[in-house]
Amino acid sequence: MMKKYFLLVFCLIFGISQSQIIRKYSNEFLNIGAGARGLAMGGAVVSNQDDVYSPMWNPAGLMAIERDWQGAAMHAEYFESIAKYDYLAYAKVLETGVFGVSVVRLGVDNILNTTQLIDTEGNIDYDKITKFSQSDYAAILSYAFNPGGNTKLDVGINAKIVYRNVGKFANGYGFGFDIGAIYKMDNGWKLGGMLRDATTTVNFWSVNQKELSTIVNGEEFNPAPKDKMELTMPKLNVGASKLFEINSSVYVLPEAGST
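A brief look at the structure comes next. Since this is a predicted model, take the numbers as computed values, not measurements.

1. Observations regarding the nonpolar core
- M56, Y87 and V104 are the most contacted members of the largest nonpolar core, which totals 25 residues.
- For this core, the secondary-structure elements that each account for two or more residues are β2 (69–78), β3 (83–93), β4 (98–113) and β5 (130–145).
- The biggest single contributor to this core is β3, with five residues.
- Residues in contact with M56, not counting those within four places in the same chain, are L30, G33, A34, Y85, Y87, V104, I140 and R196.

What follows is the structure, encoded as structure tokens:
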């Protein structure tokens, strides 16, 4: 019965992926990451992230939290402050594991809207230029645990709800899951892996054709895209790391892998 269920899910996802748009950079804002340490290491923290920032790199890392709870907030700006990125997270240690909730936003404000710059007869009116914002949001619920009570193996799951808004022109809703694991070997090595968008993340778009479209001399510009569904396919990130003690005050923690 279980094999038939997985086969049905696989066939459904494969069928959708063949008939809809698979974009290479769909929901890419969720791959930026969060936390100074993880960003400084270029994301090479899949096997050793051990705090409230773990959901962005590997949710299994939440199991390393020993305090009752942790919280974090981060703000960053890119492209000379054109794009603003925010991350807010909270993690709580439970009897059976660690629960976390994270909120992510990437936005670009004050974008010029020139769709009404030219009227239907081809006349230009600069007073019709307005501004709008484009923002991507995600709410992530995370849970990490030791399957079967095996303390050598940490497993974590992210459930993601995505909302994307392009001013009054379009908005989209999406959902998906990530799954990660960290295995701690007896010799001190840690092996980590995170399968992003494990079940294929789906975004459903709604386009306001009235606001988007522009007609000049009988010709339509900015037609609405025909495909209203956007897919983000699974991506596997892996890593291996080990903590080396140089002396009582100096430690080195390198990681190798793919991100």
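Next comes the rest of the write-up.
2. With respect to the side chain of T232
- In this fold, T232 is placed in strand β12 (residues 229–232).
- A distance of 3.4 Å separates the side chain of T232 from the side chain of N27, its partner in a polar contact.
- Not counting the four nearest positions on each side in its chain, T232 is found in contact with S26, N27, D197, T200 and T201.

3. Focus on the packing of aromatic side chains
- What the rule picks out here adds up to nine aromatic pairs.
- Aromatic side chains Y143 and F145 sit 5.8 Å apart centroid to centroid with 20° between the ring planes, which places their arrangement in the stacked category.
- Among the residues examined, Y143 registers a relative accessible area of 28% and is labelled partly exposed.
- Looking at F145, the relative accessible area reads 23%, which means it is partly exposed.
- Clustering of aromatic rings is evident, with ring pairs tying together Y137, Y163 and Y173.

Criteria and cut-off values
- Residues numbered from 1 in each chain as written.
- Predicted model: local features only at pLDDT ≥ 70, side-chain atom pairs only at ≥ 80, totals over all residues.
- Heavy atoms only, no water.
- Core = buried A, V, L, I, M, F, W, Y, C linked by side-chain atoms within 4.5 Å.
- Buried < 20%, exposed > 50% of the residue type's maximum accessible area, 1.4 Å probe, protein only.
- Helix = DSSP H or I, 4+ residues; strand = E, 2+ residues; numbered from the N terminus.
- Contact = heavy atoms within 4.5 Å.
- Polar contact = N/O pair within 3.5 Å; in protein donor to acceptor, adjacent residues only side chain to side chain.
- Phe/Tyr/Trp six-rings, centres within 6.5 Å; stacked < 30°, edge-to-face > 60°.

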